[in-house]
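This is what each chain is made of:
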Amino acid sequence: FFLCCKVRSLLRLSEIRYHYNMFFQYLCLILLGLTIETINASNYKLTGTISGLAEDISPSNARIFMDGGKEIAIPRDNGKFYFYDLEVGEHSIEIHLNGYEWYTYLIDVRNDGKIRAYVQGKKQDPLPPQLIIYPMRIAKYIPDPKPWNPLSFFKSGPGIMIAIMLVTTVILPKMMEGMGDPQQMLADAQAQQAAQDGGNATGQQQSVQGGGNTSSSSGSSGSSGRGRNKRK
């Protein structure tokens, strides 16, 4: 009888331990599920795709930077990329791939779990829920040549040198030919000046001679007048 009571007590203890262990395991599972749900409630995942590339360019060559490089995603060969554990708020996305120019995107993660994507500067036009990124245009590392303009050529260094050469070798000699021999021109100017000086001197002599004749005639007329008065 004593042995039977002992066995029964041991069985009860083992049963109690079993139920206690089961309760503890269930409690741990519940706490783990709540923890995972809490983490997922505040951190979200962004899925996107790069498309519109040339056939010989793989999307895996691109690098996608979030928030200035705090997180970097590398697309797969099919163009898909992912960002995990996003915090609530706005995030920026920049794409880097040689040969193309890209828009900058804004990602708005809301408390309700919804994610909205916009092109920077166009927040009034939200993008579809499935973010598909296309290149803006093909990058041009060498600008298109401008049409040739003669004025721009003459404003440049070679154009100015050619203009100076034309003036010194063509225009100035023609002007000198039209002007004549400088020495001959100087001799003619001196001759004209001498002729003018001679004419001025002759005029002065004639004016002096004219003054003398006038005074002599006035003297003779005065003497003849006095003789007449004496006769009377």
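Right above here is the structure, for reference.
Residues numbered from 1 in each chain as written. Predicted model: local features only at pLDDT ≥ 70, side-chain atom pairs only at ≥ 80, totals over all residues. Heavy atoms only, no water.

A. Structural detail: the overall build of the chain. When its secondary structure is counted, the chain shows four helices and 10 strands. Taken from the N to the C terminus, the helices and strands of the chain come in the order α-β-β-β-β-β-β-β-β-β-β-α-α-α. When burial is assessed residue by residue, the chain has 16% of its 232 residues classed as buried. Pairs at least 24 residues apart make up 53% of the contacts formed inside the chain by residues separated by at least 6 positions. Just so you have it, the chain exposes about 18200 Å², and 60% of that area is on carbon and sulfur atoms. (Helix = DSSP H or I, 4+ residues; strand = E, 2+ residues; numbered from the N terminus. Buried < 20%, exposed > 50% of the residue type's maximum accessible area, 1.4 Å probe, protein only. Contact = heavy atoms within 4.5 Å. Areas by Shrake-Rupley, 256 points an atom, 1.4 Å probe, with all protein chains shown as cover.)

B. Spatial organisation of the packing of aromatic side chains. A full pass over the atoms with the stated rule returns three aromatic pairs. Pairing Tyr 82 with Tyr 84 gives two aromatic rings, centres 6.1 Å apart and planes at 25°, and the pair type is stacked. Judged by its relative accessible area of 47%, Tyr 84 is partly exposed. (Phe/Tyr/Trp six-rings, centres within 6.5 Å; stacked < 30°, edge-to-face > 60°.)

C. Here's a closer look at empty space enclosed by the protein. Inspection of the entire model under this criterion finds one cavity of 30 Å³ or more. Considering only enclosed or pocket space, the largest cavity measures out at about 50 Å³ in volume. Residue lining of the largest cavity: Leu 46, Ile 115, Arg 116, Ala 117, Leu 127, Pro 128, Pro 129 and Leu 131, and that is the complete set. When residues in the lining of the largest cavity are grouped by element, the largest group, three residues, is from strand E8 (residues 115–119). Looking at side-chain class alone, the lining of the largest cavity contains seven nonpolar, no polar and one charged residues. (1 Å grid on protein atoms, 1.4 Å probe; cavity = no way out; pocket = protein on both sides within 12 Å on 5 of 7 lines; lining within 4 Å. Points joined across faces, edges and corners; volume = space filled by probe spheres on them. Nonpolar A, V, L, I, M, F, W, Y, C, P; charged D, E, K, R; others polar.)

D. Just the sheet that holds strand E3 (residues 71–73), in detail. Strand order in the open sheet formed by five strands is E3-E2-E5-E7-E8, with antiparallel pairing between adjacent strands. Among the strands making up the open sheet, the edge pair consists of E3 and E8. Adjacent strand axes in the sheet meet at a mean angle of 25°, parallel and antiparallel pairs treated alike. Here strand E5 (residues 89–96) pairs with strand E7 (residues 105–109) via five bridges, running antiparallel. By the bridge assignment, Ser 92 is partnered in E7 with Leu 106. (Pairing = 2+ DSSP bridges. Axes fitted to C-alpha atoms, helices over the stretch in contact; angles between N-to-C directions.)

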